Amino acid sequence: MKEDTVESAKNLPVAVIGAGPVGLAAAAHLLERGLEPVIFEGGHSAGAAIEQWRHIRLFSPWRFNIDAAAVRLLEQTGWESPRPTALPYGGELIDNYLTPLADMPVMASRLQTGARVIAVTRLGLDKTHVRDRDTTPFLVRVEHANGETRDHVVAAVVDASGTWSTRNPLGTSGLPAIGEEAAADHISSPLPDVTGRDRTSFAGRRVLVVGAGHSAANTLINLADLSKDEPNTRILWAVRGSSADKVYGGGSADGLPARGQLGARLRRLVEAGSIELHTRFGIAGLKTLDSGVSVESVDGRTLDVDVIVPCTGFRPDLEILRELRLNLDAAVEAPTELGPLIDPEFHSCGTVPPHGAKLLSHPEKDFYIVGMKSYGRAPTFLLATGYEQVRSVAAALAGDHEAADLVQLELPETGVCSTDAGTSCDVPATGINEEAESGCCASPEPVLIGFPTGLAHGRSGN
């Protein structure tokens, strides 16, 4: 190792927070670099966040959803890669990739599940102390599944914890609507399996979907399918904007046919009256009733419903990082240099230059936020982006700054744009048929370009 390798790397591991696709990829790259990872996963298994939406299909094909270092590990076991052009469901991503990777002895021995990180700091130093800060190990405080809280001393920290656990509130102004917390029993998860696992919570009930992104579109279409068997199911849809055109997309003219099909089908359902669309419906308050919950808009309109599905996007949990010195963009809460490149106020399916450790760095030496969490509140993220991030970060932590700085990303020319799954994953899309594979993401020639970003999804529709 070079002289500027992570301090005490020979004796202390590198903490990886989160065992999703990007977290496990980070561990794989660290192992290749001769560094020792310890992975803390708050769920009971790798990919625990994706498990919540395993019924959702991705827009992007397998070849953009697996990491090179992870594949090199898996191939040692005789693992066979899925068909590169196929579009996986979230469950397939877990069953055919993440679980086999996590179960490998080299990974399983370093993975702690049911281990929720509650704080990261420097050993013996709060954020106000400067002296010897860069050479002082990190302290990661973890609540373990057995109820014990322990402090783990590590040489560096890679935060790949995603954003799934911290959804945006239903209210306007970035705050929960008045009464939102009291109405929690009437609010579902952001991507419920309405025709499968969660069917009984939605069948024959009044359901309000809030949001103007692909999560909302997927849920609405699934609810429409449910209503064919459960005709008493009433489907309501609330967006802040004056129309739902952003969600409908380009239809048959869409550069991603699967995405266009999703929007076109949703438009037909609204026009047919199967879905009740309420525009300019910014939520001001929720009032819990004996028969459900009354949702009031800022202009005084009310909707009485049984269940609310919040498709309003996600934000990073920064509380666990309070004692660290971070440089975060004031708007999107991404690393300062990345923030302006992905700000959803100005970017819609544009491009961002490939980036790595240098752009992701903070004043806190050897600490990095990667994956979906690195995008802060910006709603679009690609797994391929996260894989390149952690490759670069692992190189930097190993002292190979030449490799860390040489970042590139190969994506299809059309790109894959817009996500609100709130974890290190690409766009979820349930409204895809098998024909979409060849049209959307089958095998366009890859080119060296930036990765797409953009607004149109994840908010409740401005």
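Computed from a predicted model, the values in this text were never measured in an experiment.

Draft legend 1. Inspection of the sheet that holds strand 7 (residues 156-159) at higher detail. Judged by pairing direction, the sheet is parallel, and its five strands sit side by side in the order 3-2-1-7-16 without closing on themselves. Looking along the sheet, the strands with just one partner apiece sit at the ends: strand 3 (111-113) and strand 16 (367-369). The mean angle between the axes of side-by-side strands here comes to 15 degrees, regardless of whether they run parallel or antiparallel. Where strand 2 (residues 37-41) and strand 3 come together, three bridges link them in parallel fashion. Residue Phe 40 lies in a different strand from strand 3, and its bridge partner there is Gln 112.

Draft legend 2. A look at the nonpolar core. Ranked by size, the top nonpolar core spans 65 residues in total, and within it Leu 24, Tyr 97, Val 370 and Leu 397 carry the most contacts. Secondary structure elements with two or more residues in this core: strand 1 (14-17), helix 1 (21-32), helix 3 (68-75), helix 4 (90-103), strand 7, helix 10 (357-360), helix 11 (383-397) and helix 12 (401-405). Apart from the residues within four sequence positions on either side, Leu 24 is in contact with Gly 18, Ala 19, Ile 39, Ala 46, Leu 98, Leu 101, Ala 102 and Met 107. With 27 residues, the next largest nonpolar core counts Leu 220, Ile 235, Val 247 and Leu 269 among its residues.

Draft legend 3. Representation of the pairing of strand 13 (residues 302-305) within the structure. The side-chain alternation of strand 13 yields one buried face, formed by Leu 303 and Val 305, and one unburied face, formed by Thr 302 and Asp 304. Strand direction decides the pairing type here: strand 12 (residues 292-297) and strand 13, joined by four bridges, are antiparallel. Paired with Ser 294 across the bridge in strand 13 is Asp 304. Linking strand 12 to strand 13, which pair antiparallel, is a turn of four residues; within it Gly 300 sits at a positive phi near 95 degrees.

Draft legend 4. Here's a closer look at the confidence of the model for the chain. Of the residues in the chain, 82% reach a pLDDT of 70 or more, and the chain-wide mean stands at 85. Predicted confidence is poor over residues 1-5, with pLDDT under 50, and the contacts of this stretch with residues over four places away or in other chains come to 11 contacts. Considering only residues more than four positions removed or in separate chains, one finds that residues 412-462, a stretch of pLDDT under 50, has 223 contacts.

Draft legend 5. Highlighting the pattern of salt bridges. Enumeration according to the criterion identifies 25 salt bridges in this entry. Ionic pairing is found between Glu 333 and Arg 377, a salt bridge with its closest N-O pair at 3.4 Å. Here Glu 333, found in the loop between strand 14 (307-310) and helix 9 (339-342), pairs with Arg 377, found in the loop between strand 16 and helix 11; they are 44 residues apart in sequence, far enough to count as distant. In this structure Arg 377 comes out as partly exposed when scored by relative accessible area, which is 31%. One salt bridge in this structure joins Arg 391 and Glu 388, with 3.0 Å as the shortest N-O distance. Residue Arg 391 and its partner Glu 388 are located together in helix 11, separated by three residues, close to a single helical turn.

Draft legend 6. Structural view of the sheet that holds strand 10 (residues 276-278). Strands sit in the order 10-9-8-14 across an open sheet of four strands; the sheet is parallel. Edge strands, defined here as strands with exactly one partner in the open sheet, are strand 10 and strand 14. Strand-to-strand twist across the sheet, computed as the mean angle between neighbouring axes with direction ignored, equals 20 degrees. In this sheet, strand 10 lies alongside strand 9 (residues 234-238) in parallel orientation, the contact comprising three bridges. Of the residues in strand 10, the one forming a bridge with Leu 236 is Glu 276. Contacts from helix 6 (residues 214-229) reach strand 8 (206-210), strand 9 and strand 14 within the one sheet, and its direction differs from that of strand 9 by about 165 degrees.

Draft legend 7. Structural view of helix 1. The first and last C-alpha atoms of helix 1 sit 17 Å apart over 12 residues, in line with the 16 Å expected at 1.5 Å per residue. Buried residues dominate helix 1, accounting for 10 of its 12 residues. For helix 1, every residue scored as buried is listed here: Pro 21, Val 22, Gly 23, Leu 24, Ala 25, Ala 26, Ala 27, Ala 28, His 29 and Leu 30. Gly 34 sits one or two positions beyond helix 1 and adopts a positive phi of about 80 degrees.

Draft legend 8. Expanded view of the pairing of strand 2. Taken across its five residues, strand 2 has five buried, putting it largely inside the fold. A two-sided burial pattern is seen for strand 2, the buried positions comprising Pro 37, Ile 39 and Glu 41 on one face and Val 38 and Phe 40 on the other. By the bridge criterion, four bridges tie strand 1 to strand 2 in an arrangement that is parallel. Each residue of the ladder has a partner; that of Ala 15, found in strand 2, is Val 38. Between the parallel elements strand 1 and strand 2, the chain passes through helix 1 in a crossover that is right-handed.

Draft legend 9. Looking closely at the environment of Pro 169. With respect to the helices, strands and loops of the structure, Pro 169 is situated in the loop between strand 7 and strand 8. On a C-alpha basis, the gap between Pro 169 and Pro 310 in space is 7.9 Å, while along the polypeptide they are 141 residues apart. Those residues in contact with Pro 169, other than ones at most four positions away along the chain, are Gly 174, Leu 175, Pro 176, Glu 180, Thr 312 and Arg 315.

Draft legend 10. Seen up close, the environment of Val 16. Mapped onto the elements, Val 16 comes out in strand 1. In this structure Val 16 comes out as buried when scored by relative accessible area, which is 0%. Separated by 141 residues in sequence, Val 16 and Val 157 have C-alpha atoms that sit 6.0 Å apart. Once you skip the residues sitting within four places of it in the chain, Val 16 turns out to touch Gly 23, Ala 26, Leu 30, Pro 37, Val 38, Ile 39, Phe 40 and Val 158.

Draft legend 11. Structural context of helix 11. Counted at 1.5 Å a residue, the expected span for helix 11 with its 15 residues is 21 Å, and the 21 Å between its end C-alpha atoms agrees. With 14 of 15 residues buried, helix 11 is to be regarded as a mostly interior element. Gly 399 lies just past helix 11 and shows a positive phi near 90 degrees.

Draft legend 12. Quick look at the packing of helix 1 against helix 11. The contact between helix 1 and helix 11 brings their axes to 9 Å, and the two run at 30 degrees. When the axes of helix 1 and helix 11 are compared, the pair comes out roughly parallel. Here helix 1 and helix 11 pass one another in a crossing that is right-handed. Only Leu 383, Gly 386, Tyr 387, Val 390, Arg 391, Ala 394 and Leu 397 of helix 11 make contact with helix 1, whose side of the interface consists of Pro 21, Val 22, Ala 25, Ala 26, His 29 and Leu 30. Within the contact of helix 1 with helix 11, the residues separate by chemical class into 10 nonpolar, two polar and one charged.

Rules used throughout
- Residues numbered from 1 in each chain as written.
- Predicted model: local features only at pLDDT ≥ 70, side-chain atom pairs only at ≥ 80, totals over all residues.
- Heavy atoms only, no water.
- Pairing = 2+ DSSP bridges.
- Helix = DSSP H or I, 4+ residues; strand = E, 2+ residues; numbered from the N terminus.
- Axes fitted to C-alpha atoms, helices over the stretch in contact; angles between N-to-C directions.
- Core = buried A, V, L, I, M, F, W, Y, C linked by side-chain atoms within 4.5 Å.
- Buried < 20%, exposed > 50% of the residue type's maximum accessible area, 1.4 Å probe, protein only.
- Contact = heavy atoms within 4.5 Å.
- pLDDT = per-residue confidence, 0-100.
- Salt bridge = Lys/Arg side-chain N within 4 Å of Asp/Glu carboxyl O.
- Expected span 1.5 Å × (residues − 1).
- Right-handed = clockwise from strand over helix to strand, strands pointing away.
- Parallel < 35°, antiparallel > 145°, perpendicular 65-115°, else oblique.
- Left-handed = near helix turned anticlockwise from the far one by under 90°.
- Nonpolar A, V, L, I, M, F, W, Y, C, P; charged D, E, K, R; others polar.

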